[in-house]
Structure formats: structure tokens, C-alpha cells
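Chain by chain, the residues:
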Amino acid sequence: MAPMIDQLLTVTPAAREKIDGVRDFNNFPEAVLRIRILAREGPRFRYEIALEDPRDRTEEDVVVDADGLSVAVDPRTAVDLAGATVDLDASVTGGGLRIDNPNEGWSDPVARAVQDVLDRQINPGVGSHGGMVTLVEVRDGAAYLQFGGGCQGCAAVDVTLKHGVETAIRAAVPQVTAIVDATDHAAGTSPFYSHGH
């Protein structure tokens, strides 16, 4: 696996310049770039990108040499980073790093179809109320969803789920036989709608 990762994980020149600048600023030219996938959030990954002391690497780490820059990759998520590119994110003030990863998205065609319904039909509507709906997974014909933003803790979430989300998904993706709300609604702090308003 490591040779494939070595060949496919790349760091763009712009990202390398930023990394080298941070290493020089901190007077730590031997710092290693650490990349780890922390979680899957819908079709995308949430990453940790940091510079660390090379002595903090573990024997299990997959270490990639990117033109003299050591990149330490968590072994459990290395396969999900194969083919990824570390690039400069110019939208971040001062420039930050981002990962362009071809492994993001859903490999399962049913999950891809559900995600398409969420992206095109559901999230534009609930987004206008400060909410969002995320696909966690599709398993055994059931689509597991999480409601976030204004939808988390919202008193009207059952109506949104039954009459909006479930109807749209079942109409577009007949392979889905059940919709499961996997949200911890008790953790919601500022729902858009509440009783008495």
C-alpha cells in the first residue's frame, strides 16, 4: 500500500511554499506534515493538517516523501488519501492548506443518488432556514440522516422529515425503503422554529 500512496499523494508547489514558510517562521525546518482523516461528514472527509516534530511519528505511520518534505499519514486512513493533493487554499486569510481528494463522495450508487436529492432539492430549502441535512450512510435499504444547523432541535423536524425529506428521497430513489433520523436533537441550541413563535 505504501508505494501506491507514495506515488499518488502530492503537494503542490504553492502548498509547499506555505509549509516551508511556516517551518522557517517557527525555526523548525525538519517539521513533518501530518495528515489525518478525522471523520466523514456526508460525502466529504474532515481532515487534520498540522506540522509536527518528526519524533512524534509512530512506526505504523505511512510516511510519504513529497520532494524532500516528509508527510506522515495515519495508517487507518491512508487508503482514503491515495491520489489526494495538498494545495494552498487562497480563500483562507493568509493562505491555508486544503486537500483535494478523489476518494471523497459515495462509492455506493444508492448513496450517491440520495446525496444528489439532498444537494439539489432538500438542502437549498432547509438552508434558507439555517438548516442542513447530511447523509450518514445507506445500509440495508435505509438512509441514515443527520439534521444540523437550525434543523437540530427544531420542533418541526418531524414534519420536515416526513413530508419533505422522506417524500423527496423515496420518489427519486426507490431503493431506499426507510429513512432514519440519526440526529441528537436534544443537542440543538438554536433551532429556526420553536413553539410560541
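What you see is a predicted model, and the numbers here were worked out from it, not measured in a lab.

Moving on, we get to the pattern of salt bridges. Under the definition given, this model contains 13 salt bridges. A salt bridge links Arg-16 to Asp-20; its shortest N-O distance comes to 3.0 Å. Here Arg-16 and its partner Asp-20 are both found in helix H2 (residues 13-25), 4 residues apart, which amounts to about one turn of the helix. The partner of Glu-166 in a salt bridge is Arg-170, with the nearest N and O atoms 3.2 Å apart. With Glu-166 and Arg-170 both in helix H4 (residues 157-172) and 4 residues apart, the pair spans about one turn of that helix. Among the residues examined, Glu-166 registers a relative accessible area of 13% and is labelled buried.

What follows concerns the side chain of Arg-34. With respect to the element layout, Arg-34 can be found in strand E2 (residues 32-41). There is a polar contact of 2.9 Å between the side chain of Arg-34 and the side chain of Glu-52. Aside from chain neighbours lying at most four places away, what touches Arg-34 is Glu-48, Ile-49, Ala-50, Glu-52, Asp-56, Arg-57, Asp-61, Ala-72, Val-73 and Asp-74.

A few words now on the sheet that holds strand E5 (residues 69-73). The strand order across the open sheet formed by 4 strands is E3-E2-E5-E4, and the pairing between neighbours is mixed. Since the sheet does not close on itself, it has two edges, and those belong to strand E3 (44-52) and strand E4 (62-66), each with one partner. The mean inter-strand angle of the sheet, taken between neighbouring strand axes irrespective of direction, is 25°. Here E4 pairs with E5 via 5 bridges, running antiparallel.

Moving on, we get to the confidence of the model for the chain. Averaged over all residues, the pLDDT of the chain equals 82, while 82% of them reach at least 70. H2 holds the highest mean pLDDT among the elements of the chain, 94, whereas helix H1 (residues 2-8) holds the lowest, 50. Every residue in residues 188-197 is under pLDDT 50, and counting partners more than four places away or in other chains gives 14 contacts.

The geometry of an aromatic ring pair is captured by the separation of the ring centres together with the interplanar angle, meaning the angle of the planes. Tallied over the full model, the rule gives 1 aromatic pair. Taking 6.2 Å as the distance between ring centres and 75° as the angle between the ring planes, the aromatic pair formed by Phe-45 and Tyr-47 counts as edge-to-face. The exposure class of Tyr-47 is buried, given its relative accessible area of 18%.

Let us look at the pairing of strand E7 (residues 96-100). Judged from the 5 bridges that link them, strand E6 (residues 85-89) and E7 form a sheet pairing that is antiparallel. Bridge pairing in E7 places Leu-88 opposite Leu-97. Between E6 and E7, which pair antiparallel and follow one another directly, the connecting turn spans 6 residues, one of which, Gly-94, has a positive phi of 85°.

Cut-offs and rules
Residues numbered from 1 in each chain as written. Predicted model: local features only at pLDDT ≥ 70, side-chain atom pairs only at ≥ 80, totals over all residues. Heavy atoms only, no water. Salt bridge = Lys/Arg side-chain N within 4 Å of Asp/Glu carboxyl O. Helix = DSSP H or I, 4+ residues; strand = E, 2+ residues; numbered from the N terminus. Buried < 20%, exposed > 50% of the residue type's maximum accessible area, 1.4 Å probe, protein only. Polar contact = N/O pair within 3.5 Å; in protein donor to acceptor, adjacent residues only side chain to side chain. Contact = heavy atoms within 4.5 Å. Pairing = 2+ DSSP bridges. Axes fitted to C-alpha atoms, helices over the stretch in contact; angles between N-to-C directions. pLDDT = per-residue confidence, 0-100. Phe/Tyr/Trp six-rings, centres within 6.5 Å; stacked < 30°, edge-to-face > 60°.

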